[in-house]
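This is what each chain is made of:
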Amino acid sequence: MFYRELSEEESSSIKSRILYEDNHILAINKLPGEITQGDKTGDECLAETLKAYIAARDSKPGRVFMGIPHRLDRPCSGICIFAKTDKALSRLSEMFRCGTIHKTYWALCCAKPEREEAYLEDWLVRNEKQNKSYVGKGKEAKLAKLNYKFLKSTERYHLLEVELLTGRHHQIRCQLSHIGCPIKGDLKYGAPRSNPDGGICLHSREAVFEHPVTHNTVTITAPVPSTWKGITD
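Residues numbered from 1 in each chain as written. Predicted model: local features only at pLDDT ≥ 70, side-chain atom pairs only at ≥ 80, totals over all residues. Heavy atoms only, no water.

A. The nonpolar core, seen in detail. Counting 27 residues, the largest nonpolar core has Ile172, Leu176, Ile183, Leu202 and Trp228 as its most contacted members. If you tally residues by element for this core, the top one is strand E4 (residues 102-109), at five residues. With sequence-adjacent residues up to four places away left out, leucine 176 is seen in contact with Ala107, Cys109, Leu120, Leu160, Val162, Cys181, Pro182 and Ile183. Core analysis: the second largest hydrophobic core is formed by 19 residues, Leu26, Ile28, Leu46 and Val64 among them. (Core = buried A, V, L, I, M, F, W, Y, C linked by side-chain atoms within 4.5 Å. Buried < 20%, exposed > 50% of the residue type's maximum accessible area, 1.4 Å probe, protein only. Helix = DSSP H or I, 4+ residues; strand = E, 2+ residues; numbered from the N terminus. Contact = heavy atoms within 4.5 Å.)

Here it is in structure tokens:
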């Protein structure tokens, strides 16, 4: 099995962004614009790039396994977890489905919410053609729940910490927009302008879960992109 040869710059970038790795799991700090798995664009996905990186780093002559137990939207950044074994993939996928992986996000918003902390509960309807979700009702509506907490303000934007309680399509983007706090760069949900890199300032900040094989508690934290001016870790 042959994988494409990564440039030194690509390999260095991957190496610097690996947040956690053992024999069963690899977690990387995804950049805005990277896709987790292949889609209709035909762009190389992060899973394939990681396969090429592992094949070269570990001198693997055969197939590299890189399972995808969850996805992170293309314009978002932050923790993306991959499985290096079938056993880990099966168990991680179930954990994501059941919500036993505790996920925290950071969102840099265009407005400060009225309340500094709140629980949001909405019914979301997904429009497949627009690839967008709306707060609404109907047979197709799904319950979406999250907690948010205001952390700080920069000169123009406002940082919220979001605890995701359900995993609906574009849930954080839609629910924050609904309370008048669209995420910086997110034109689809009401931001006034795009970000130079085409991404949005929604970052998968922390993941806490029981390791699917060793059963130890794993805590992973991802630094925010350097483009988040005024936000320090």
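B. How the structure looks around the side chain of threonine 166. Positionally, threonine 166 belongs in the loop between strand E8 (158-164) and helix H4 (171-178). On the accessibility criterion, threonine 166 (16% relative accessible area) is buried. Within polar-contact distance, the side chain of threonine 166 engages the backbone nitrogen of lysine 145 at 2.9 Å. Within the structure, the side chain of threonine 166 is placed 2.9 Å from the side chain of glutamine 171, a separation counted as a polar contact. Non-local contacts of threonine 166, meaning those with residues more than four positions away in its chain, are made with Leu143, Ala144, Lys145 and Gln171. (Polar contact = N/O pair within 3.5 Å; in protein donor to acceptor, adjacent residues only side chain to side chain.)

C. Representation of empty space enclosed by the protein within the structure. Applying the stated criterion across every chain yields a total of one cavity of 30 Å³ or more. Elements with a contribution of two residues or more to the lining of the largest cavity: strand E3 (77-83), E4 and strand E9 (202-210). Of the residues that constitute the lining of the largest cavity, the class distribution is seven nonpolar, two polar and one charged. (1 Å grid on protein atoms, 1.4 Å probe; cavity = no way out; pocket = protein on both sides within 12 Å on 5 of 7 lines; lining within 4 Å. Points joined across faces, edges and corners; volume = space filled by probe spheres on them. Nonpolar A, V, L, I, M, F, W, Y, C, P; charged D, E, K, R; others polar.)

D. Broad picture of the packing of helix H1 (residues 8-17) against helix H2 (residues 46-57). Contact geometry for H1 and H2: axes closest at 11 Å, N-to-C directions at 100°. By the angle between their directions, the pair H1 and H2 is classed as roughly perpendicular. Seen from H1, the contacting residues are Ser11, Ile14 and Lys15; seen from H2, they are Leu46, Thr49, Leu50 and Tyr53. Split by residue class, the contact of H1 with H2 holds four nonpolar, two polar and one charged. (Axes fitted to C-alpha atoms, helices over the stretch in contact; angles between N-to-C directions. Parallel < 35°, antiparallel > 145°, perpendicular 65-115°, else oblique.)

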